[in-house]
Amino acid sequence: MRIVMGSDHAGFELKNHLAEHLRSQGHEVIDVGAHSTESVDYPTYGAKAARTVANGEADRAILVCGTGQGIGMAANKVPGVRCAIVSDPYSAKLSREHNDANSLAIGARVIGAGVAEDIVDIWTTTEFLGGRHGRRVTMLAELDSVEPGE
Ligand code: RB5
């Protein structure tokens, strides 16, 4: 799988750790930064990675900031992106089975590297179930073009 990874300074080390983990499993990792622990702004990297999924250059995005919240919110602003902000394995599984999440955000200040690896492993190997969930995901896509106030 082609996986784009992005982080801010708070997620930099965990991003790098997970990138190595994914490469060792044979995934292709595209790293859009951050490239150091120097303070940067999470919307920049969340949007950059999410656009890489939206334009088809990557299959999925995995994002890391301090909590996963900010970078996940940034990703969800990009049409076509469904980013799950996850800190437990059950939500990782269901975000794929029910929501067909194409992006995952995790918090480096929330969970340790071991749980993050478990989450990433589940998330990259769990298939979308389709069926009634497909209808709901289509409804999510329709919200991409809703004007404010509609
Ligand atoms: C950076 O201090 C922190 O705000 C950021 O990494 C993230 O947790 C935001 O949601």
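Scroll up to find the structure.
Overview of the structure.

Quick word on the packing of aromatic side chains
Note on aromatic pairs: each is described by the distance of the centres and the angle between the planes. A full pass over the atoms with the stated rule returns zero aromatic pairs. For Arg60, the ring lying beneath its charged end belongs to Trp123, and the centroid distance is 4.8 Å.

Thoughts on the side chain of Ser7
In this fold, Ser7 is placed in strand 1 (residues 2-7). Since its relative accessible area comes to 0%, Ser7 is described here as buried. Those residues in contact with Ser7 that lie beyond four places of it in its chain are Phe12, Lys15, Gly33, Ala34, Tyr45, Val64 and Ile71.

A word on helix 3 (residues 69-76)
All buried positions along helix 3 are accounted for by Gly70, Ile71, Gly72, Ala74 and Ala75. Looking at the buried side of helix 3, the elements it contacts are strand 1, helix 2 (42-54), strand 3 (60-65), strand 4 (83-85) and strand 5 (103-107).

Structural notes on the environment of Tyr90
Along the chain, Tyr90 turns up in helix 4 (residues 89-97). Between the C-alpha atom of Tyr90 and that of Ile122, which follows or precedes it by 32 residues, the distance is 8.8 Å.

Details of the pattern of salt bridges
With the rule as written, the count across this model stands at six salt bridges. With a closest N to O distance of 2.9 Å, Asp31 and Lys15 form a salt bridge. You can see Asp31 sitting in strand 2 (residues 28-31) and its partner Lys15 sitting in helix 1 (residues 12-24), a full 16 residues away along the chain. We note a salt bridge from Glu97 to Lys93, for which the minimum N-O separation is 3.7 Å. One end of the pair is Glu97 and the other is Lys93, both in helix 4 and four residues apart, which spans about a single turn.

Some details on the nonpolar core
In this structure, Met5, Leu18, Ile62, Leu104 and Ile106 are the most contacted members of the largest nonpolar core, which totals 20 residues. For this core, the secondary-structure elements that each account for two or more residues are strand 1, helix 1, strand 3, strand 5 and helix 5 (113-125). With 17 residues, the next largest nonpolar core counts Tyr45, Ala49, Ala58 and Val78 among its residues.

Some thoughts on the site of the ligand
Looking at the ligand, the residues that line it are Asp8, His9, Ala10, Tyr42, Cys65, Gly66, Thr67, Gly70 and Arg109. One of the backbone nitrogen or oxygen atoms of Gly66 is found 2.7 Å away from an oxygen atom of the ligand. Within the backbone of Gly70, a nitrogen or oxygen atom sits 2.9 Å from an oxygen atom of the ligand. Surface burial for the ligand is 72%, taken as the share of its 290 Å² of free accessible area covered by protein chains. Residue classes in the shell around the ligand are distributed as three nonpolar, four polar and two charged.

Re the side chain of Arg60
Tracing the sequence through the fold places Arg60 in strand 3. Despite its burial, Arg60 remains without a salt bridge, the nearest opposite charge being carried by Glu127 at 5.7 Å. Here the side chain of Arg60 touches Trp123 through a polar contact of 3.1 Å, landing on its backbone oxygen.

A word on the packing of helix 4 against helix 5
In contact at an axis separation of 8 Å, helix 4 and helix 5 are set at 20 degrees when each is read in the N-to-C sense. Considering the angle they form, helix 4 stands roughly parallel to helix 5. Crossing geometry of helix 4 relative to helix 5 is assigned as right-handed. Contact residues: Pro89, Ala92, Lys93, Ser95 and Arg96 in helix 4; Ile119, Ile122 and Trp123 in helix 5. Of the residues in the contact of helix 4 with helix 5, the class split is five nonpolar, one polar and two charged.

Cut-off values and rules
Residues numbered from 1 in each chain as written. Predicted model: local features only at pLDDT ≥ 70, side-chain atom pairs only at ≥ 80, totals over all residues. Heavy atoms only, no water. Phe/Tyr/Trp six-rings, centres within 6.5 Å; stacked < 30°, edge-to-face > 60°. Lys NZ or Arg CZ within 6 Å of the ring centre and 35° of its normal. Helix = DSSP H or I, 4+ residues; strand = E, 2+ residues; numbered from the N terminus. Buried < 20%, exposed > 50% of the residue type's maximum accessible area, 1.4 Å probe, protein only. Contact = heavy atoms within 4.5 Å. Salt bridge = Lys/Arg side-chain N within 4 Å of Asp/Glu carboxyl O. Core = buried A, V, L, I, M, F, W, Y, C linked by side-chain atoms within 4.5 Å. Near = heavy atom within 4 Å. Polar contact = N/O pair within 3.5 Å; in protein donor to acceptor, adjacent residues only side chain to side chain. Areas by Shrake-Rupley, 256 points an atom, 1.4 Å probe, with all protein chains shown as cover. Nonpolar A, V, L, I, M, F, W, Y, C, P; charged D, E, K, R; others polar. Lys, Arg positive; Asp, Glu negative; His and termini not counted. Axes fitted to C-alpha atoms, helices over the stretch in contact; angles between N-to-C directions. Parallel < 35°, antiparallel > 145°, perpendicular 65-115°, else oblique. Left-handed = near helix turned anticlockwise from the far one by under 90°.

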